[in-house]
Amino acid sequence: MSLNKLEAILKQQLASIDAMGCAKRDEPVIRARVSGKNGFGPRYYLTGCGEEAFLRMNSNSYLGLDCHPDVVAAEAKAAEQLGTGPGAVRFISGSYQVHKDLEHNLATFHGREAAMIFSAAYAAMLAILPPLISEHTLIVSDALNHNCIINAIRLSRCAAKAVYGHLDMAELETILQDNRGKYQRVCVVTDGVFSMRGDYADLAQIKTLCERYDDDYEQGIISIVDDSHGVGVLGATGRGTEQVCAAKADILLATLGKAFGVNGGYIVSSQKVIDYLRETAALYIYSNPITAAEAAAATQALAVVDSSEGVEKLAKLHSLSARLRAGLIAAGFTVLSGQHAIVAVLIGDTQQTKTLVDKLFAHQILTTGLSYPVVPKGQEEIRLQVSADHTDKDIELLLSVISSN
Ligand SMILES: Cc1ncc(COP(=O)(O)O)c(C=O)c1O
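Residues numbered from 1 in each chain as written. Predicted model: local features only at pLDDT ≥ 70, side-chain atom pairs only at ≥ 80, totals over all residues.

For the rest of this paragraph, the subject is the sheet that holds strand E15 (residues 381–385). On the basis of which strands lie adjacent, the open sheet formed by four strands has the order E11-E12-E15-E14 and antiparallel pairing. Every other strand in the sheet has two partners, leaving strand E11 (334–335) and strand E14 (368–370) as the edge strands with one partner each. Of the strand pairs in this sheet, E11 and strand E12 (residues 342–346) are connected by two bridges, and their pairing is antiparallel. What sits directly across from Val335, in E12, is Val345. Sitting on the sheet, helix H13 (residues 308–330) touches E11, E12 and E15, and the angle it makes with E12 is about 10°. (Pairing = 2+ DSSP bridges. Helix = DSSP H or I, 4+ residues; strand = E, 2+ residues; numbered from the N terminus. Contact = placed C-beta atoms within 7 Å. Axes fitted to C-alpha atoms, helices over the stretch in contact; angles between N-to-C directions.)

In this structure, Pro373 follows Tyr372 across a cis peptide bond, with omega equal to 10°. As for its placement among the helices and strands, Pro373 is situated in the loop between E14 and E15. We note that Asn38 has phi near 55°; this positive angle belongs to a residue other than glycine. Its location among the elements puts Asn38 in the loop between strand E1 (30–34) and strand E2 (43–46).

What follows concerns the packing of helix H4 (residues 97–109) against helix H12 (residues 292–305). Following both chains from N to C, one finds H4 and H12 inclined at 30°, their axes separated by 9 Å at the closest point. What the angle tells us is that H4 and H12 run roughly parallel. H4 and H12 meet at a crossing whose hand is left-handed. For the pair H4 and H12, the contacting residues are Val98, His99, Asp101, Leu102, Asn105, Leu106 and Phe109 in the first and Ala292, Ala295, Ala296, Ala298, Thr299 and Leu302 in the second. Taken together, the residues that form the contact of H4 with H12 break down as nine nonpolar, three polar and one charged. (Parallel < 35°, antiparallel > 145°, perpendicular 65-115°, else oblique. Left-handed = near helix turned anticlockwise from the far one by under 90°. Nonpolar A, V, L, I, M, F, W, Y, C, P; charged D, E, K, R; others polar.)

As a rule of thumb, soluble globular proteins bury nonpolar side chains together. Within the largest apolar cluster, 117 residues are counted, with the highest numbers of intra-cluster contacts made by Ala124, Met125, Ile128, Leu253, Tyr266 and Ile267. If you tally residues by element for this core, the top one is helix H5 (residues 121–132), at 10 residues. The two domains that each donate at least three residues to this core are domain 1 (30–59 + 308–402) and domain 2 (69–305). Beyond its immediate chain neighbours, meaning those up to four positions away, Ala124 contacts Phe118, Leu253, Gly265, Tyr266 and Ile267. (Core = buried A, V, L, I, M, F, W, Y, C linked by C-beta atoms within 7 Å. Buried ≥ 20, exposed ≤ 12 C-beta atoms within 10 Å, placed from the backbone. Domains from an automatic or database assignment.)

Looking now at the environment of Tyr284. In this fold, Tyr284 is placed in helix H11 (residues 282–285). Note on Tyr284: 24 C-beta atoms within 10 Å, which makes it buried. Sequence separation between Tyr284 and Arg90 is 194 residues, and the spatial gap between their C-alpha atoms is 7.5 Å.

Turning to the environment of Ile285, a few remarks are in order. Looking at the secondary structure, you find Ile285 in helix H11. The partly exposed category is assigned to Ile285, around which 15 C-beta atoms lie within 10 Å. Here Ile285 is in contact with Val89 and Phe91, once residues within four sequence places are set aside.

Looking now at helix H15 (residues 392–402). For the α-helix, the turn length of 3.6 residues means that residues three or four positions removed from each other point alike. Buried residues of H15: Asp394, Ile395, Leu398 and Ile402, and no others. Buried residues of H15, viewed axially, fall in a sector of 95°; they line one side. Lining the buried residues of H15 we find strand E3 (53–56), H13, helix H14 (350–362) and strand E13 (365–366). (Arc of directions from axis to C-beta.)

With that settled, consider the sheet that holds E1. Strand order in the open sheet formed by four strands is E1-E2-E3-E13, and the pairing between neighbours is mixed. Single-partner strands in this sheet number two, and they are E1 and E13. Both E2 and E3 contribute to a ladder of two bridges, which runs antiparallel. What sits directly across from Tyr44, in E3, is Phe54.

Our next topic: the domain arrangement of the protein chain. Here the protein chain is described as being made up of domain 1 (30–59 + 308–402) and domain 2 (69–305). Relative to domain 2, the C-alpha centre of domain 1 lies at a distance of 27 Å. Each partner contributes to the interface: domain 1 provides 15 residues, whereas domain 2 provides 14 residues. Only H13 and E12 provide two or more residues apiece to the side of domain 1 that touches domain 2. Counting residues per element, the side of domain 1 that touches domain 2 draws most heavily on H13, which supplies five residues. For the side of domain 1 that touches domain 2, the per-class residue count stands at 10 nonpolar, three polar and two charged.

Another point: the packing of helix H2 (residues 69–82) against H12. Relative orientation of the contacting elements H2 and H12 amounts to 155°, with a least axis distance of 7 Å. Taken together, H2 and H12 sit at an angle that is classed as roughly antiparallel. H2 and H12 meet at a crossing whose hand is right-handed. Contacts between H2 and H12 involve Asp70, Val71, Ala74, Glu75, Ala78, Ala79 and Leu82 from the first element and Ala292, Ala293, Glu294, Ala296, Ala297, Thr299, Gln300, Ala301 and Val304 from the second. The class makeup of the residues in the contact of H2 with H12 is 11 nonpolar, two polar and three charged.

Written out as structure tokens, the structure is:
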């Protein structure tokens, strides 16, 4: 057996990815981190970049909890006591008390009966959609939903899929109206916060529409919301999109790997839904959970978020994000409005986006340029992500570099 023929094809495909300028395999590699000093936040050293220290404006660790001493200590202590891996999937012998405690605390935090953790949020979405969707189900999805939703829908044996324009509630209503009587069940699935833009779904309106048309479908309409970028970021106490919209999804899914600063994913819902998914969700049954040490770290991170320290961190995050948005607008940039720590600077051109990202990199600032096909043509952007670990001086530095000639 030889890879020769396959490699010839892959070589061409890699060349076309390279030509589009969206190759990912030469990513920056972090080799060290130093804590903040002189009024600046933490800095990062990259492999191959000598002693240049970088400001990281493209991390999802919105509250800086990945390096919080209590979170790090909780992980280290649990690893010492329980080891580095679960040793089995949950139902065999890989279920630890810390997994159960974390699930209990996540359910309480989100005001739900029960929770269930997975190795990642992506895995959670792939795990839960197929068992909740039958050949008599219509799936309704926002046009800008995350890739995990798109692939989870592909894995599901649904009767049909309908996509509404991004945040277009009138189109969602038309879909729910027009399909009355055609399907037994409807599953409306959306991101809470959208990762490319930092805007968020109108959960109150989605909930209203689901309730309005629920009786028109024999098995009702359920809402599933992936708020991986919203939890620990939006709302005065970090409950995410649900908090700012004052509305709850039937099933809320989120990650432990962004604001919580750890790793893994979870869902919260009713006890019945969780009981059913523990019996049917393949990526839960046949794949390892997060480690006991990660579960201990996430439990500690959740305790920080749900404390006065967490509320202070959130307030700082919101204020730094507002400061950055205002500064960019004052400097003449077009910025998507909002309150999220994702600050999307619209550039509208692939080359200009790359030039600006390169310029920021040359000044030791890490940012992410998003171009087609990740975003539609004409909507190329630089995505800046604020963290509570940043300082006013970091934001001023970024603003002065980005607006310099
Ligand atoms: C909306 C959304 N869902 C899920 C994920 C995946 O999260 P995880 O890394 O926990 O799989 C991401 C990460 O980028 C995301 O933005």
